[in-house]
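Given next are the chains, with one letter for each unit.
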Amino acid sequence: MGVTKGPLEELIEKAGGCAVIDGGFATQLEALGADINDPLWSALCLISNPHLIKKVHMQYLEAGADVLITSSYQATIPGFLSKGLSIEEAEKLLQKSVKLAIEARDNFWTHLQKNPKDGYNRALVAASIGSYGAYLADGSEYSGGYGPDIELDKLKDFHRRRLQVLASAEPDLLAFEAIPNKLEAQAIVELLNEEKVNIPSWICFSSVDGKHTPSGHSFKECLEILNCCERVPAIGVNCTSPHFIDKLIHELRKFTKKAIVVYPNSGEIWDGRAKKWMPSECFGDGNFEALALKWHESGANLIGGCCRTTPNTIQAITKALKSKR
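Note that the coordinates shown come from a computational prediction; the quantities given were computed from them, not determined experimentally.

## Comments concerning the UniProt feature "binding site: Zn(2+)" (unreviewed entry) in the chain
Move 1: The positions UniProt marks with the feature "binding site: Zn(2+)" (unreviewed entry) are Cys239, Cys306 and Cys307. A compact arrangement is adopted by the annotated residues: their sequence extent is 69 residues, whereas the largest C-alpha distance between any two is 6.4 Å.
Move 2: Looking at where Cys239 falls in the secondary structure, it is placed in the loop between strand S6 (234-238) and helix H11 (242-255).
Move 3: Take Cys239: its relative accessible area is 18%, and that puts it in the buried class.
Move 4: Cys239 has contacts with Ser206, Tyr263, Pro264, Asn265, Cys306 and Cys307, leaving out every residue within four places of it along the chain.
Move 5: For Cys306, the location among the structural elements is in the loop between strand S10 (302-303) and helix H13 (311-324).
Move 6: Owing to a relative accessible area of 12%, Cys306 belongs among the buried residues under this scheme.
Move 7: For Cys306, the contacting residues outside a window of four places in its chain are Gly23, Gly24, Asn238, Cys239, Tyr263, Pro264 and Asn265.

## Observations regarding the side chain of Thr213
Move 1: Relative to the helices and strands, Thr213 resides in the loop between strand S5 (201-205) and helix H10 (219-226).
Move 2: On the basis of relative accessibility, which here comes to 2%, the residue Thr213 falls in the buried class.
Move 3: A polar side-chain atom of Thr213 sits 2.8 Å from a polar atom in the side chain of Ser215.
Move 4: If sequence neighbours within four positions are ignored, Thr213 has contacts with Pro180, Asn181, Phe205, Ser206, Phe219 and Cys222.

About the criteria used
Starting from 1, residues in each chain are numbered consecutively following that chain's sequence as written. With the structure being a predicted model, the display of local features is reserved for residues of pLDDT at least 70 and the display and counting of side-chain atom pairs for 80 or more, all residues being used for whole-chain, interface and lining totals. Based on all heavy atoms of the structure, the side-chain values leave hydrogens and waters out of the count. UniProt positions are given in the numbering used here, feature names are shortened, and annotations may be inferred rather than shown by experiment. Strands here mean DSSP runs of E at least two residues long; helices mean DSSP runs of H or I at least four residues long; both are numbered from the N terminus. Throughout this description, buried means an accessible area under 20% of the type-specific maximum (1.4 Å probe, protein chains only), exposed means over 50%, and partly exposed covers the range between. Between two residues, a contact is recorded if the distance between any of their heavy atoms is within 4.5 Å. By the criterion applied in these results, polar contacts are pairs of N or O atoms within 3.5 Å in which, for protein atoms, one can donate a hydrogen and the other can accept it, and in which residues neighboring in sequence qualify only through two side-chain atoms.

Take a look at the structure:
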């Protein structure tokens, strides 16, 4: 008997070896008029503007995204409690982030069945899970420096209930995003095994130098942890400058046989303490079209965009990869 393929492997195969992830969520919410200058960031719209969340999902589906990432990156139970919500209300909002994406996907797919267009796949929904540093909103998600008091068990306890609630909403995938250090990756892997989570996950790190995680760990060290976990069929990098992506793909490919996921930001630099974007070289949509081909040839199996990328960026990536198919 052959090895049973999971939903992620099936999607990659249907997409000709490289599927398309959506792009910057907060960026697009702001373009639609949302004010998300808040520790909850884009998750604030789960409370105030859920219709905008669904609209952004639809825009990325129309652009060709094969994977939708939910608006839960910075959504945590403690974060919602700080807004005066109850635990029950907080958990319902986490589930809502998945339900909004599933509704958008299902509505879009139903429309496609009635009005067929070439090149679209039935998208998968990935529940976004940000790092402990993302919850702190103090810039530590960009340094990986959580302090001496943060140990493995504390990180597992932080992630545990959110993971349980998001998994109960039945997304197709779990996306652990912008993980800044090896310790948190280990906590996630142990937690997935402890909770016997049967939803496939990807774990993506960030990098500020193209060689290491923000904490200074090598990717070889990190992948030694992830390679042992069958619940994680894909690994990669996100919220990292496009400058570093090709080099990082080659680095990751040296140490793993898992699918490789890359969804960089636009190349602009976010100052996590000052809470603003710093002047820097920005990659346009045309650059992403050319780079997507290069990244796929280097070994990437899922390609998309992160902060400051838009549906136009994803449309350019889709165009490039479709021409390759």
